[in-house]
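Okay, here's what each chain looks like letter by letter:
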Amino acid sequence: MLKIQEIREIIKLIDQSSIQKFSLESDGGKIKLEKNGGQAVTTVTEAPQTPQAAPAPVQAPVETVAAVAPTPAPEAPAAPAAEVATDETLHKITSPMVGTYYQASSPDAEAYVKIGDKVTAESIVCIVEAMKLFNEIESEVHGEIVEILVQDGQLVEYGQPLFLVREN
């Protein structure tokens, strides 16, 4: 079962995105998150697999977290999505998950790619952090970076375009 801190992180990420429903099954437990008119509703169910697992201590803190969940942030990436749709000849590198986009491996490191850089299918173009895990995102195509559609440190959603690449 997930720890309380991990559940809080998931709630925070969902509240900052436009996702309305989220469900996760892990280690015999099940978590469902649903936004309902600005209020986050959290349901945690734990399967009675092991006798030492006590669902009561897990339930109380989760209800507290759900009560203090902030209202969802307004959707800002609508303008870049409109620009992306106009150029059908470019390949879109999209985010494979909800998380935070980082252009470099650390704040003082150089960005993985800049506009005009040539990339291969295996080239790392950025990192998306989700629940304290840093996931390297690869280009998937050979080509040249034409546009970077997100800012460093910005929250990104599953399927959100990150880069435009002119394929070779």
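Residues numbered from 1 in each chain as written. Predicted model: local features only at pLDDT ≥ 70, side-chain atom pairs only at ≥ 80, totals over all residues. Heavy atoms only, no water.

Colleague: An account of the pairing of strand β5 (residues 99-102) is needed here, citing residue identities and associated values.
Modeller: Note that β5 and strand β10 (residues 155-156) share two bridges and pair antiparallel. Residue pairing in the sheet places Thr100 in a bridge with Leu155 of β10. The sheet contact formed by β5 and strand β7 (residues 124-130) spans three bridges and is antiparallel. From the neighbouring strand, Thr100 faces β7, where its bridge partner is Glu129. (Pairing = 2+ DSSP bridges. Helix = DSSP H or I, 4+ residues; strand = E, 2+ residues; numbered from the N terminus.)

Colleague: Quick one: what's the story with the sheet that holds strand β8 (residues 133-138), residue by residue and with numbers?
Modeller: Strand order in this open sheet of four strands is β8-β7-β5-β10, and the pairing throughout is antiparallel. Because the sheet does not close on itself, it has two edges, and the strands there are β8 and β10.

Colleague: Could you give me a rundown of the pairing of β7, with the residues and numbers involved?
Modeller: Judged by how many residues are buried, β7 sits mostly within the fold: six of seven residues are covered. Bridging between β7 and β8 involves six bridges; their strand directions are antiparallel. Each bridged residue has a counterpart across the sheet, and for Glu129 the counterpart in β8 is Phe134. Connecting β7 to the next strand, β8, in antiparallel fashion are two residues, including Met131 with a positive phi near 55 degrees. (Buried < 20%, exposed > 50% of the residue type's maximum accessible area, 1.4 Å probe, protein only.)

Colleague: Describe the sheet that holds strand β4 (residues 91-94), and please don't skip the residues or the numbers.
Modeller: Reading across the sheet, the four strands line up as β4-β11-β9-β6 and stay open at both edges, with antiparallel pairing between neighbours. Across the chains shown, the open sheet's two edge strands, defined by having one partner strand only, are β4 and β6 (118-119). With four bridges joining them, β4 and strand β11 (residues 161-167) adopt antiparallel strand pairing. Along β11, the bridge assignment pairs Thr94 with Pro161.

Colleague: Help me get a handle on the nonpolar core, residues and values and all.
Modeller: The biggest cluster of nonpolar side chains holds 15 residues, and the ones touching the most others in it are Tyr101, Val125, Cys126, Leu162 and Phe163. For this core, the secondary-structure elements that each account for two or more residues are β7 and β11. Non-local contacts of Leu162, meaning those with residues more than four positions away in its chain, are made with Ile93, Thr94, Ser95, Tyr101, Cys126, Glu147, Ile148, Leu149, Val150 and Val156. By size, the runner-up hydrophobic cluster in this structure holds six residues, among which are Ile10, Ile11, Ile14 and Ile31. (Core = buried A, V, L, I, M, F, W, Y, C linked by side-chain atoms within 4.5 Å. Contact = heavy atoms within 4.5 Å.)

Colleague: Tell me about a negative patch on the surface, and name the residues and values.
Modeller: Residues Glu122, Glu136, Glu138 and Glu140 make up a contiguous surface patch of negative charge. Looking at the secondary structure, you find Glu136 in strand β8. (Patch = residues over 30% accessible without salt bridge, like charges linked within 9 Å, V, L, I, M, F, W, Y side chains within 5 Å. Areas by Shrake-Rupley, 256 points an atom, 1.4 Å probe, with all protein chains shown as cover. Salt bridge = Lys/Arg side-chain N within 4 Å of Asp/Glu carboxyl O. Lys, Arg positive; Asp, Glu negative; His and termini not counted. Charge placed at Lys NZ, Arg CZ, Asp CG, Glu CD.)

Colleague: Before we move on, can you summarise the pattern of salt bridges with the specific residues and values?
Modeller: In the structure shown here, the tally under the stated rule is two salt bridges. A salt bridge links Glu144 to Lys118; the shortest N-O distance between them is 3.3 Å. Taken as a pair, Glu144 in strand β9 (residues 143-148) and Lys118 in strand β6 lie far apart in primary sequence, 26 residues in all. Under the relative-accessibility criterion, Glu144 is labelled partly exposed at 24%.

Colleague: Mind laying out unusual backbone geometry, listing which residues take part and the relevant values?
Modeller: Residues other than glycine seldom take positive phi values, yet Met131 does so here, at roughly 55 degrees. Take Met131: it is sitting in the loop between β7 and β8. Assessed through its relative accessible area of 31%, Met131 is described here as partly exposed. A positive phi is found at Glu140, a non-glycine position, where the angle reads about 75 degrees. Structurally, Glu140 can be placed in the loop between β8 and β9.

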